[in-house]
Amino acid sequence: MINGAGRRRLGVLASIPLFAAVPAPGWPESGLSLEVDIGSMVHEAFDARNLRAHVSWVGPEPRFEVRADRLRLADPVGVVEGLRLDCPRVEVTARRLACADGRLTARGDGWRLDAARLNFDWDREADSLRFSAPWPGLFRGHGHVSGVAGAAGLRVDLDLDGLDLPMLADSGLLPLKMPVAIDAGFARAAGRIDTRGRLPIVELDLSVSGLGFSDPAGLHAAEGLSGSGRLAHGAGGYDVQARFTEGAAFFEPWFLDLGEAGPVALSVSSLQPVPRHPRPRAWRAASAEAALAGHTLLQGTGLVHSGDRLERGEIAWQIGRLDLAGRILVEPLLVGTVLGRSRFEGETRGRLRLSEGRARALTAFWQDLGLRDEFGRFGLTGSAGSVAWSDEGVARESSIAVAAGEVRGLPVGPFRMDFQLEPRGLRLLEPLFVPVLDGGAGVDHFRLHWGSEGPEIEFEGGIRALSLERLTEAVGWPRFSGTLAGIVPRVFYDIDGLRVDGQLLVEVFDGEIVLSGLRIRNLFGVTPELEVSAQVRRLELDLLTSALDFGRIEGRLSGTVEDLLLVEWGPHRMHLSLATPEEDPGRRRISQRAVENLTAIGGGVQGRLAATFLRLFDAFAYRRLGFDCDLDGDVCLASGVGERPDGTFVLVEGGGLPRIDVIGHNRRVDWPELMRRLNTVREGHTAVVQ
Amino acid sequence: MRDLSRMFAILVVVLVASACVTIHIYFPAAAAEEAARTIVRDVLEAPDAKPPNEPDAGPEPTSRGITPLIMPAVAWGLDRLVAPASAQTPDLRAESPAINRLRASMRSRSAELVPYLRSGAIGFARDGFVEVRDLSDVPLRERSRVQRLVNEENADRRALYQEIARANDRPDWEDQIRETFARVWVEEAPSGYWYQDGNGNWRQK
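Residues numbered from 1 in each chain as written. Chains lettered and ligands numbered in written order. Predicted model: local features only at pLDDT ≥ 70, side-chain atom pairs only at ≥ 80, totals over all residues.

## Some details on the overall build of chain A
Counting its regular elements, chain A contains 8 helices and 48 strands. For a compact globule of 690 residues, the expected C-alpha radius of gyration is about 26 Å, and chain A comes in at 43 Å, more than 25% above that figure. Taking the principal axes of its C-alpha atoms as reference, chain A extends roughly 150 × 55 × 40 Å. Residues classed as buried in chain A amount to 23% of the 690 residues present. (Helix = DSSP H or I, 4+ residues; strand = E, 2+ residues; numbered from the N terminus. Rg over C-alpha atoms; globule rule 2.2 N^0.38 Å. Buried ≥ 20, exposed ≤ 12 C-beta atoms within 10 Å, placed from the backbone.)

Given below as structure tokens:
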């Protein structure tokens, strides 16, 4: 090997051969000995300092010994110090030098050999060195290693077990710079490493048990990981297969307990660094696959990773149990978004293509998909569909079908939506109708384009005969009968939410309420807000008070509700002005119970005489009634149909005999308290007029 | 003489018409800081007291509007006559249903975050958000929970900064509000908490 055929460079910087018949100091005593003090030797594969060889003939076979103070070998072995090879029985011929039962002592960075057993056979003509040795106990391992070294390279066959992985990682002998610190685990390795060909070949069967590791910030870590696999290196790079069956791992943002989730199988083929890539840690792989517990399969092809992000490749997924995979894989990605507290079920498969670090095309299919928000804001069941998107142009048709859904307590569906995704937008292909309660919401035309200024929306649609009874029940209001309908010619979206043009007509209590200026914000957020203005036209008070179970009031009611802001379906701000209309007010009567309830709600207490007197009558005529309220937060500044000199205001102005007026004294009304009292009255716990 | 008077009158009209009245729109830094401190203390469950040596930050002009290089004298006069916006008490609206809900949400999460803030697993980042600093001492099984808490807290904080800007009809104030909060979170953090300095390095308070 070192006497090379001209291909190797060998330099003997100092060679002082010394023949002596007496032992030199420090060498074993011998009959005849030959000592060669080579000094320094520089070779392509090593660099030895203070190299000395000693051959002695004590018994029938010569004894051979080599020492070097310092030997530099190729990485990952590096510098070896205190080298001493002692061969008690050497077989020397013209061609061979064989050592049986040799002992090797040396130390390096993180390892040390003390008289480790070694056999070797050096064939000088073939320029090859065969060696075999029991594993010297390095890194607490055991097993056997053998091989052959020659001018062409090195082949090592090994079969090792019980290797202490933290010790091995600390030794610096691993050819890779580990991005994590290994703090526990043992490994078994069996196979060969062969560098004699044009490309190095590695074929190793590996298994680990109790593996624990972590990066400095603890974002990539594992505990008690056990598994097995195979590592091979050939012309295409590395091929890796691994299957982990025990332990737990956290790879931000995913946590996986294999005992609960099931085994994970990973494979990568043709993994290799990317030559001439601007980032040194860039790698590419012909394909990669990850399978979780038999229900989730991720496959990638043509992958190029810059070290920070996936730059190119095609990723396919197939998930048979979204209820299991969703919790482990999908939910951690959605934390902090509107879907961050959702539970999924169903099946999905699809494909995503990336290049230059950006998504270029996507197809996805799903069936039996269910989604349920933990906070009950929305949900859907029985969804099936497919979507296709490409950044190069209009993709093929997409469709979504939903068997049933729910938005803020409102049941919706079933419906089907056919649409086409554009690079930065969406276009509805067929009119869409979403059944809501007894009616529904229809969309005749919809197109969304996400421009530099934000989303641009084209919309034409309407609301068809929505049942008010179920709507009010769903949002927790007093139950009203009637319908809600309207045409929505346009919809806008900006920082203040979704603004709906057009008017919605609510037919209720034999009158109507015209809604306009509708704006919805944060529908699925922490605080959904709805802004609207309303014109109230001739509601029949008899029906209204019956619905509220308030006591009977006959007459009509008209007015306006300006700038109404509902937060979580409760009013937070409004300018309310409702009164009996001047024209055609109709028959106007107010029942004794209604008067009592009005008094109770107002917190007023009638005098005993007045109360006794009132009980003589079932109902009273009135001339007009009305209530104005400027609500801001919890405070309503109230007024009625008339002002009185004493600063009070008239809520109900009596007419005829006996005449009864309902007077308001408190202009600053606590709105939540008012609502609480109204509910108390409705629930039948009415305060009795005393 | 009449022509001269007319010319003078025209000149005055032209000067008045062409004068650019400087309009300053200020970010109410002091009010924002006060609002931020109230909210931060509420979330951190600290008593709402004014801290010692609190800088009396004045309003900072954000150079909105048009400022001519040479302001004509008449415009200068107009500017003096019409009180500029800076003369008004700078104010910041920091209450709305959405803001209150976000505060409540953050307050209810605070007890869960505190152990990790104390241990240094997470800290206050220089951009007004919470960031994972070192999870290595957190049990493996808890790490995704910490990550979830951090992400949900940051979603609330992002929404809070947006909502305060929106409550003041100034969406463009969001960054300044966030920067104010970033400073106040650190100032109000109890001793032992970790935070990022201006260079992004972690320091312990």
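## Quick word on the overall build of chain B
Scanning chain B for helices and strands turns up 6 helices and 6 strands. Each helix and strand of chain B, placed in order from N terminus to C terminus, yields the pattern α-β-α-β-α-α-β-β-α-α-β-β.

## A few points about the interface of chain B and chain A
At the interface, 23 residues of chain B touch 21 residues of chain A. Put simply, the parts of the chain that give the side of chain B that touches chain A at least two residues each are helix 4 (97–119) and helix 5 (140–167) of chain B. Tallying contributions element by element places helix 5 of chain B first for the side of chain B that touches chain A, with 12 residues. Of the residues assigned to the side of chain B that touches chain A, the class counts are 10 nonpolar, 6 polar and 7 charged. (Contact = placed C-beta atoms within 7 Å. Nonpolar A, V, L, I, M, F, W, Y, C, P; charged D, E, K, R; others polar.)

## Focus: helix 6 (residues 174–188) of chain B
All names here are of chain B. End to end, helix 6 covers 21 Å across 15 residues, agreeing with the expected 21 Å (1.5 Å per residue, within 8%). When helix 6 is considered as a whole, its buried residues turn out to be Ile177, Arg178, Thr180, Phe181, Ala182, Val184, Trp185 and Val186. On the buried face of helix 6, the contacting elements are helix 2 (29–44), strand 3 (122–124), helix 5 and strand 5 (194–196). (Expected span 1.5 Å × (residues − 1).)

## Some thoughts on unusual backbone geometry
All names here are of chain A. Residue Pro253 is reached from Glu252 by a cis peptide bond, and omega for that bond is 5°. With respect to the helices, strands and loops of the structure, Pro253 is situated in the loop between strand 16 (237–251) and strand 17 (254–257). The omega torsion across Gly413 and Pro414 is 5°, close enough to zero to call that bond cis. Position of Pro414 relative to the elements: it lies in the loop between strand 27 (410–412) and strand 28 (415–422). Although it is not a glycine, Ala293 adopts a positive phi angle of roughly 50°. Residue position: Ala293 is located in the loop between strand 19 (283–292) and strand 20 (296–305). We note that Asp368 has phi near 50°; this positive angle belongs to a residue other than glycine. Within the secondary structure, Asp368 sits in strand 23 (residues 358–373). Looking at Asp368, the number of C-beta atoms within 10 Å reads 14, which means it is partly exposed.

## Some words on the nonpolar core
Counting residues in each nonpolar core, the largest one holds 48 residues, and the members touching the most others are Leu484, Val506, Leu515, Ala534, Ile590 and Val595 of chain A. Tallying contributions element by element places strand 43 (residues 619–632) of chain A first for this core, with 5 residues. Of the residues that make up this core, three or more belong to each of domain 4 (431–508) and domain 5 (530–682) of chain A. Not counting the four nearest positions on each side in its chain, Ala534 of chain A is found in contact with Ile513, Val514, Leu515, Thr560, Val561 and Leu564 of chain A. Grouped together as the second largest cluster of nonpolar side chains are 45 residues, Ala35, Val40, Leu102 and Ile177 of chain B included. (Core = buried A, V, L, I, M, F, W, Y, C linked by C-beta atoms within 7 Å. Domains from an automatic or database assignment.)

## Details of the confidence of the model for chain A
Residues and elements named next belong to chain A. Per-residue pLDDT for chain A has a mean of 85; in total, 91% of the residues score no lower than 70. The low-confidence segment residues 1–27, where pLDDT is below 50, has 45 contacts with residues more than four positions distant or belonging to other chains. Counting interchain partners and residues more than four positions distant, the pLDDT-below-50 stretch residues 685–690 has 15 contacts. (pLDDT = per-residue confidence, 0-100.)

## Considerations on the packing of helix 2 of chain B against helix 6 of chain B
Residue and element names in this part refer to chain B. The contact between helix 2 and helix 6 brings their axes to 9 Å, and the two run at 50°. The angle between helix 2 and helix 6 places the two elements in the oblique class. The handedness of the crossing between helix 2 and helix 6 is right-handed. Of the residues in helix 6, those in contact with Ala32, Glu33, Ala36, Arg37, Val40, Arg41 and Leu44 of helix 2 are Ile177, Thr180, Phe181, Val184, Trp185 and Glu188. Among the residues forming the contact of helix 2 with helix 6, the class breakdown is 8 nonpolar, 1 polar and 4 charged. (Axes fitted to C-alpha atoms, helices over the stretch in contact; angles between N-to-C directions. Parallel < 35°, antiparallel > 145°, perpendicular 65-115°, else oblique. Left-handed = near helix turned anticlockwise from the far one by under 90°.)

## With respect to the domain arrangement of chain A
According to the domain assignment, chain A consists of domain 1 (1–134), domain 2 (138–167 + 178–253), domain 3 (274–421), domain 4 (431–508) and domain 5 (530–682). The gap between the C-alpha centroids of domain 2 of chain A and domain 4 of chain A is 61 Å.

## A short note on the packing of helix 2 of chain B against helix 4 of chain B
Residue and element names in this part refer to chain B. The contact between helix 2 and helix 4 brings their axes to 8 Å, and the two run at 40°. When the interaxial angle is binned, helix 2 and helix 4 end up oblique. Counting all contacts with helix 2, which are made through Ile39, Asp42, Val43 and Leu44, the residues of helix 4 involved are Arg103, Met106, Arg107 and Ser110. Its residues assigned to classes, the contact of helix 2 with helix 4 comprises 4 nonpolar, 1 polar and 3 charged.

## Re the environment of Gln162 of chain B
Residues and elements named next belong to chain B. Along the polypeptide, Gln162 turns up in helix 5. Gln162 sits in the partly exposed class, given 19 other C-beta atoms within 10 Å. Each C-alpha atom of the pair Gln162 and Asp172 lies 9.2 Å from the other, and the pair is 10 residues apart in sequence.

## Section: the pairing of strand 35 (residues 497–500) of chain A
Every other side chain in a regular strand lies on the same face of the sheet, so the side chains alternate between the two faces. Residue and element names in this part refer to chain A. Of the pairings in the sheet, the one linking strand 34 (residues 491–494) to strand 35 comprises 4 bridges and is antiparallel in character. Bridge pairing in strand 35 links Tyr493 to Leu498. Pairing of strand 35 with strand 37 (residues 511–521) involves 3 bridges; the strand directions are antiparallel. Along strand 37, the bridge assignment pairs Arg499 with Arg519. (Pairing = 2+ DSSP bridges.)

## A few points about helix 5 of chain B
The end-to-end C-alpha distance of helix 5 of chain B, which contains 28 residues, comes to 41 Å, matching closely the 40 Å that a straight helix rising 1.5 Å per residue would cover. Residue Asp169 of chain B follows helix 5 of chain B closely and has a positive phi angle near 55°.

## Structural notes on the pairing of strand 23 of chain A
Residues and elements named next belong to chain A. When strand 22 (residues 342–355) meets strand 23, the two strands line up antiparallel, connected through 13 bridges. Of the residues in strand 23, the one forming a bridge with Gly350 is Ala364. Linking strand 22 to strand 23, which pair antiparallel, is a turn of 2 residues; within it Glu356 sits at a positive phi near 50°. In the sheet, strand 23 pairs with strand 24 (residues 378–390) via 9 bridges, with the strands oriented antiparallel. Across the sheet, the residue bridging to Ala364 is Val387, located in strand 24.

## With respect to the environment of Leu44 of chain B
Topologically, Leu44 of chain B is positioned in helix 2. For the pair Leu44 of chain B and Val114 of chain B, spaced 70 residues apart in sequence, the C-alpha separation works out to 8.7 Å.

## Notes on the confidence of the model for chain B
All names here are of chain B. Counting all residues, the mean pLDDT for chain B is 75, and 65% of those residues have values of 70 or more. Predicted confidence is poor over residues 15–24, with pLDDT under 50, and the contacts of this stretch with residues over four places away or in other chains come to 26 contacts. Here residues 47–89 is modelled with pLDDT under 50, and outside its nearest four sequence neighbours on either side it reaches 53 contacts, counting other chains as well. Interface confidence for the predicted complex, given as ipTM, is 0.75, next to a pTM of 0.75.

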